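In case you want the letters, here they are:
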Amino acid sequence: AAVNHRLKCLRAALAQAHRIKDPVTGSPMLPFPPTVTPVPAPKRRPSPMPDAELFARLAQAPPWVRDVAELARYFGLRRAEALTVTLAHIDRGERALRLDGAATKSGRDEFARPVPGGWEVLDRLARQARARGAAHLVTWPGIAHMAAFLAGEAVPRGAWLKSQSVAAASAALTSRIKACSGAI
């Protein structure tokens, strides 16, 4: 893409040079506009991250990031979908997540069925959400209770917040850690 962008600029510069006339002869500065063709972009299929790399990254991640990753991985959800899953989405009879059509890319109501091991993860997250007094399966303590969370203290029931973005919650944790370490 970067090469094609530069080639587009070159094509525009050469076209401009072709339009400019030599003041002495009156003929174009370039007798013919050169053809500049874009470089074909390779078609790549997305490839999943190897398990070893995923587990190494998750070992360093905050718990709510691990929860989102597990939910997405076991149920085939996109990150944005995994962040919005609530206790109401769990269909115990189907042993799956029932996703409303408004929340899916296809626009249809769908079941997200787990791969082996996924139901256990879902059950753990559901118990965790109930214990936290939260409707969403993936929650974080928020800035107000981050110090208590980092100190290993209990975060009050009902204080857990749904995570709007994994990146935002992780950035908040990182900035809080830096602030705490600077005070020492």
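The rules behind these values
Residues numbered from 1 in each chain as written. Predicted model: local features only at pLDDT ≥ 70, side-chain atom pairs only at ≥ 80, totals over all residues. Heavy atoms only, no water. Helix = DSSP H or I, 4+ residues; strand = E, 2+ residues; numbered from the N terminus. Expected span 1.5 Å × (residues − 1). Buried < 20%, exposed > 50% of the residue type's maximum accessible area, 1.4 Å probe, protein only. Arc of directions from axis to C-beta. Phe/Tyr/Trp six-rings, centres within 6.5 Å; stacked < 30°, edge-to-face > 60°. pLDDT = per-residue confidence, 0-100.

**Quick word on helix 3 (residues 63–75)**
No. 1: Taking 1.5 Å as the rise per residue, helix 3 with 13 residues should run 18 Å; its terminal C-alpha atoms sit 18 Å apart, in good agreement.
No. 2: Among all positions of helix 3, only Trp64, Val65, Asp67, Val68, Leu71, Ala72 and Phe75 are buried. One side of helix 3 holds all its buried residues, which, seen down the axis, span an arc of 160°.
No. 3: Backbone geometry just after helix 3 places Gly76 at a positive phi near 65°.

**Overview of the packing of aromatic side chains**
No. 1: Taken as a whole and judged by the stated rule, the model has three aromatic pairs.
No. 2: Seen from their ring centres, Trp64 and Trp140 are 5.8 Å apart, and the 55° between their planes marks the pair as tilted. Taken together, the residues span a long stretch of sequence, with Trp64 in helix 3 and Trp140 in strand 4 (residues 139–140) at a distance of 76 residues.
No. 3: Where Trp64 meets Phe149, the ring centres are 5.6 Å apart and the plane angle is 50°; that geometry is what we call tilted. Note that Trp64 is positioned in helix 3 and Phe149 in helix 6 (residues 146–150), a separation of 85 residues in sequence.
No. 4: Of the residues examined, Trp64 reaches a relative accessible area of 1% and is grouped as buried.

**Digging into the confidence of the model for the protein**
No. 1: Confidence along the protein averages 83 in pLDDT terms, with 87% of residues attaining 70 or more.
No. 2: Confidence scores differ between elements of the protein, with helix 7 (residues 166–183) showing the lowest mean pLDDT of 60 and helix 5 (residues 118–132) the highest of 94.

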